[in-house]
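# Results of the structural survey
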Amino acid sequence: MNEYKVTAIICAAGTGTRAGFGKNKLLAPLDGAPALWHTLKKFDMAEIDQVIVTSSDDDLAEIKNLCEPFGYTVVMGGNSRTESVKNALAHASGEIVLIHDGARPFVKRQLILNCIDSVKKFGSGVCAVKATDTLVSAVLGQIGNTIDRDSAYRVQTPQGFLTEDIKRAYELAGDGIYTDDSGVYCDFIQPARLIEGDEENIKLTYKSDFTRALPPLPSGDRVGFGVDVHAFCAGDHITLGGVKIPFDRGFEAHSDGDVLIHAVMDALLSAAGLKDIGHYFPVNDEKYDGADSRELLKTVVSLLNSEGYVPFNVSVTVQAEKPRLSPYIDIMKSVIADICGIQTNAVAISAGTSEGLGFVGEGLGITAYCAVALRLKNG
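The following paragraphs examine the structure supplied in this document.

Reading the values: the criteria
- By convention here, each chain's residues receive numbers from 1 onward along its written sequence.
- Whole-chain, interface and lining totals are the exception, using all residues; otherwise, since this is a predicted model, local features are given only for residues with pLDDT of at least 70 and side-chain atom pairs are given and counted only at 80 or more.
- Only heavy atoms go into the side-chain values, all of them from the structure, while hydrogens and water stay out.
- Secondary structure elements follow DSSP: runs of H or I of four or more residues count as helices, runs of E of two or more count as strands, with numbering from the N terminus.
- Restricting the calculation to C-alpha atoms gives the radius of gyration, and the globule rule supplies 2.2 Å times the number of residues raised to the power 0.38.
- The rule is simple: take the accessible area with a 1.4 Å probe, protein chains only, and divide by the maximum for that residue type; under 20% is buried, over 50% is exposed, in between is partly exposed.
- Note on definitions: a residue-residue contact is assigned when non-hydrogen atoms from the two residues lie within 4.5 Å.
- Only the six-membered ring of Trp is used, alongside the rings of Phe and Tyr, when aromatic pairs are assigned; centres must lie within 6.5 Å, and planes under 30 degrees apart are stacked while those over 60 apart are edge-to-face, with the rest tilted.
- Here, a charge over a ring means that NZ of Lys or CZ of Arg falls within 6 Å of the ring centre while also lying within 35 degrees of the ring normal.
- By definition here, a helix of n residues has an expected span of 1.5 Å times n minus one.
- In this description, the arc belongs to the directions extending from the helix axis to the C-beta atoms.
- Two strands are said to pair when DSSP picks up at least two bridges between them.
- Lines fitted to C-alpha atoms define the axes here, with helix axes fitted over just the stretch in contact, and angles between the N-to-C directions of these axes take values from 0 to 180 degrees.
- Definition used for salt bridges: Asp or Glu carboxyl oxygen within 4 Å of a side-chain nitrogen of Lys or Arg.

Once that is clear, we can look at the overall build of the chain. The helix and strand inventory of the chain stands at eleven helices and 18 strands. For 379 residues, the compact-globule formula gives about 21 Å, and the C-alpha radius of gyration of the chain, at 23 Å, lands near that figure. Based on the C-alpha atoms only, the size of the chain along its principal axes is roughly 70 × 55 × 35 Å. Taken across its 379 residues, the chain has 49% of its residues classed as buried. Within the chain, contacts between residues at least 6 apart in sequence are counted, and of these 71% link residues at least 24 apart.

Let us now look at the packing of aromatic side chains. Applying the stated criterion to the full structure yields seven aromatic pairs. Ring centres of Phe161 and Tyr185 lie 4.9 Å apart, and the angle between their planes is 35°; this geometry places the pair in the tilted category. With a gap of 24 residues between them, Phe161 in strand S10 (residues 153–162) and Tyr185 in helix H6 (residues 181–188) connect regions that are remote in the sequence. By relative accessible area, Phe161 is classed as buried at 0%. The ring of Phe122 carries Arg193 above its face, with NZ or CZ at 3.8 Å from the centroid.

In this section: helix H4 (residues 109–122). An ideal rise of 1.5 Å per residue puts 20 Å on 14 residues; H4 measures up with 20 Å between its terminal C-alpha atoms. Restricting attention to buried positions, one finds in H4 the residues Leu111, Ile112, Cys115, Ile116, Ser118 and Val119. Along H4, the residues classed as buried sweep out an arc of 160° about the axis, all on the same side. Buried residues along H4 sit against strand S1 (6–11), helix H1 (35–42), strand S6 (96–101), strand S7 (124–130), S10 and strand S11 (194–196). Looking one or two residues beyond H4, the residue adopting positive phi is Gly123, at roughly 90°.

Attention now goes to H6. When H6 is considered as a whole, its buried residues turn out to be Asp181, Ser182, Val184 and Tyr185. With its buried residues spanning 160° around the axis, H6 presents them on a single face. Tucked into the core, H6 has its buried residues touching helix H3 (81–89), S6, S7, S10 and helix H5 (163–173).

With mixed pairing, five strands are arranged side by side in an open sheet as S15-S12-S18-S16-S17. A single partner strand is all that each edge strand has here, and the edge strands are strand S15 (249–251) and strand S17 (347–352). Neighbour to neighbour, the strand axes of the sheet diverge by 25° on average, direction disregarded. In the sheet, strand S12 (residues 222–234) pairs with S15 via three bridges, with the strands oriented antiparallel. By the bridge assignment for S15, Ala234 is matched with Arg249. In this fold helix H10 (residues 329–340) packs onto strand S16 (309–319) and S17, with an angle of close to 145° to the strand it touches most, S17.

Here we come to the pattern of salt bridges. Under the defined criterion, the tally for this structure stands at twelve salt bridges. Here Lys108 ties to Glu200 by a salt bridge, and the two come within 3.2 Å at their closest N and O atoms. Here Glu200 lies in the loop between S11 and S12 and Lys108 lies in the loop between S6 and H4, a separation of 92 residues in the sequence. The class of Lys108 is partly exposed, set by a relative accessible area of 38%. Here Arg168 ties to Asp165 by a salt bridge, and the two come within 3.8 Å at their closest N and O atoms. In this pair, Arg168 and Asp165 both sit in helix H5, three residues apart, roughly one turn of the helix. Each of Arg81, Asp101, Arg104 and Asp181 takes part in salt bridges that share partners, so that together they form one network.

Right under this line is the structure:
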């Protein structure tokens, strides 16, 4: 039995606009599941007694679906990270609280345990990595002063505190805006204790942190890779490859949630060097609410044509535990081929399971991966 009860707060109420997905980056795919799911999974451990996840109103339904299998509490965030943490702290029941960025899915179990241990010994524990590069301050694009790197650290999360202390710090902070919990603690309680962080505990900030686009082929042809993932919600069917498939669940999505077609769209746009799906079909645009993804794919093919490219090969892999997809694959191939203007035998669709492992294996949703090749119209 734990000496202290521990609450973990995972901050997921931001927009993540710098990542360029057109939606909360934490709901974008990472290794076959929404990025946030990987973070949630890391805190599913015996040493954590309560997990609270903050969410914006726009993402509430999808984040609740991700948190439900873990039994985590979801609370509404605020207009800033500071407000979101305050809201979550009001629900914290443990004597120790860890505050972690949802955009750090690579955090290791040992780092979490070290953070808890530091709070027990010193009242706080803040993960940080010592700076190794030369550091300077800059004014109007010009170097000002050199900063002593021997005393400089890059602060990470999780950051741990005695719950009553960090609650009091936030109360004293009033309407002040902070980007970091240790800053609040240091301003109103005492200097926080640093513990050794982890270089691999990176924060997902830009799209390049999620994936790398493949380069064009020497011939002038181009290749692209795409992936999409959606969690299940209540419903009576799912749509894949433009085909409605009877099922006892539905997709939590802004459009019809067709992960297969969305992966194809993502791959085509990537191959052509265009912007991502979220740019052309933003989730906050009501005209795409419940949109037919076949029509969206037609728009993407038109965009490619305007850039001088046409698809000539599409290969898709779908991972799903249920429903059984094999009876529908030939129809899906025909739909994709017709929209892309290619022969059916230039479209490959395969379906498999994850053998009970991970997000897909636990029956929480479906992931689709797609590789495409484009050719110059006159090539």
